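Inside the fold
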Amino acid sequence: MDLVNYLPDRLMFAVPKKGRLYEKCLSLLKGADIQFHRSNRLDIAICLNLPIALIFLPAADIPTFVGEGRCDIGITGYDQVHESNVDVDMGLDLHFGNCKLQIQVPRNGPYTKPEQLIGKTIVSTFTNLTRQYFERLEKIKPGEVLKTKIKYVGGSVEASCALGVGDAIVDLVESGETMKAAGLQAIETVLSTSAHLIVSRHPSHPQLVKLIKSRMEGLLAAQKYVLCNYNAPRDKLPVLLKVTPGRRAATVSPLDEDNWVAVSSMIQRKDMANILDLLKEQGATDILVFEISNCRV
Ligand SMILES: Nc1ncnc2c1ncn2[C@@H]1O[C@H](COP(=O)(O)OP(=O)(O)OP(=O)(O)O)[C@@H](O)[C@H]1O
Ligand SMILES: O=P(O)(O)OC[C@H]1O[C@H](OP(=O)(O)OP(=O)(O)O)[C@H](O)[C@@H]1O
């Protein structure tokens, strides 16, 4: 199939081709019912049920493609967008790929504060964010030259100090295991990041962008909330509804028994155990919790 002939009139959706965000992106696309078949080694896939072309790109390049309007939307890290310094709409925080861009120095070494690194060599893949950080730290004025040296490496940044490439690094940290194993410790967080659905300032298919965003918002809400149902004597309702007010309001239906009602309400998953304890304490019975597999909010 000559793919290029299938691209006009399709929304171009940039997706990480590998790495930390890849699997989660695939499950988001599946949850949003964006169906596609990707041939082996091809970085373009035509969507089977919507006028979308998926373009698989390195996460670091996605902000440029969306910023220049070559792709209409994309999924990448907040860190990558800021590193690329592009003008895009930060459409939606997808709440995965959470990590921190940190300054890391050798444990038991001479440095404990970022100020001590002025004039030293810092190694990072994120050279723009690192430079901006040290420009602020050195209070650089226009025309002045940065004293701190910033060096680029494309990966395995954590090896740089031990190999004498730099005095400190600026790199992403999630669990902290990589830095611990490399004998490094954090002395500063430059940026906190998570994956975002980013949107071009001038998307070719605004209605389709809206649809994809709404589907992804639905998936995020389905992860964040569960549905809680219970029965209660009507006179307990005012207290119980304070515990489960619902997103807009709880649904209250009469039971086929005098002065009893059934209540249905979305509650946040993270608060579930406490809410169930409170409901029981306040007189609710037959308390049930259901998973929400998908929704629109
Ligand atoms: N340890 C991590 N935990 C969570 N998210 C991460 C982690 N490392 C990176 N990310 C997020 O994923 C994005 C892409 O990083 P990743 O290192 O996977 O990219 P890559 O260079 O394309 O892949 P690879 O490292 O496999 O070559 C980062 O910009 C960041 O937003
Ligand atoms: O805090 P942790 O959970 O240990 O994760 C941090 C590591 O993950 C990222 O690298 P990745 O494994 O993606 O490979 P890379 O070094 O090639 O970028 C990052 O650059 C760190 O090395």
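Now for a quick tour of the structure. Remember, it's a predicted structure, so these values are computed and weren't measured experimentally.

Here we look at the packing of aromatic side chains
A full pass over the atoms with the stated rule returns two aromatic pairs. Ring centres 6.0 Å apart and planes at 45 degrees place the aromatic pair Phe36 and Phe56 in the tilted group. In this pair, Phe36 is assigned in the loop between helix H1 (22–31) and strand E2 (44–46) and Phe56 in strand E3 (residues 52–57), connecting sequence segments 20 residues apart. On the accessibility criterion, Phe36 (24% relative accessible area) is partly exposed. Where Tyr133 meets Phe134, the ring centres are 5.3 Å apart and the plane angle is 80 degrees; that geometry is what we call edge-to-face. We classify Tyr133 as buried; its relative accessible area is 9%. The ring of Phe56 has Arg38 lying over it, and the distance from NZ or CZ to the ring centre is 3.9 Å.

Concerning the sheet that holds strand E14 (residues 260–268)
Read from one edge to the other, the open sheet built from four strands follows the order E13-E14-E12-E15, with strand pairing classed as antiparallel. Strand pairing shows two members of the sheet lacking a second neighbour, strand E13 (251–254) and strand E15 (285–291), which therefore form its edges. Each neighbouring strand pair of the sheet contributes to a mean axis angle of 20 degrees, computed without reference to strand direction. Pairing geometry for E13 and E14, over four bridges, is antiparallel. Directly across from Thr251, in E14, lies its bridge partner Ser264.

Concerning the environment of Val289
Within the secondary structure, Val289 sits in strand E15. Look at Val289 and you get partly exposed, because its relative accessible area is 33%. Measuring from C-alpha to C-alpha, the distance between Val289 and Cys228 comes to 4.5 Å, with 61 residues separating the pair along the chain. With sequence-adjacent residues up to four places away left out, Val289 is seen in contact with Val226, Leu227, Met272 and Leu276.

Rules used in this analysis
Residues numbered from 1 in each chain as written. Chains lettered and ligands numbered in written order. Predicted model: local features only at pLDDT ≥ 70, side-chain atom pairs only at ≥ 80, totals over all residues. Heavy atoms only, no water. Phe/Tyr/Trp six-rings, centres within 6.5 Å; stacked < 30°, edge-to-face > 60°. Helix = DSSP H or I, 4+ residues; strand = E, 2+ residues; numbered from the N terminus. Buried < 20%, exposed > 50% of the residue type's maximum accessible area, 1.4 Å probe, protein only. Lys NZ or Arg CZ within 6 Å of the ring centre and 35° of its normal. Pairing = 2+ DSSP bridges. Axes fitted to C-alpha atoms, helices over the stretch in contact; angles between N-to-C directions. Contact = heavy atoms within 4.5 Å.

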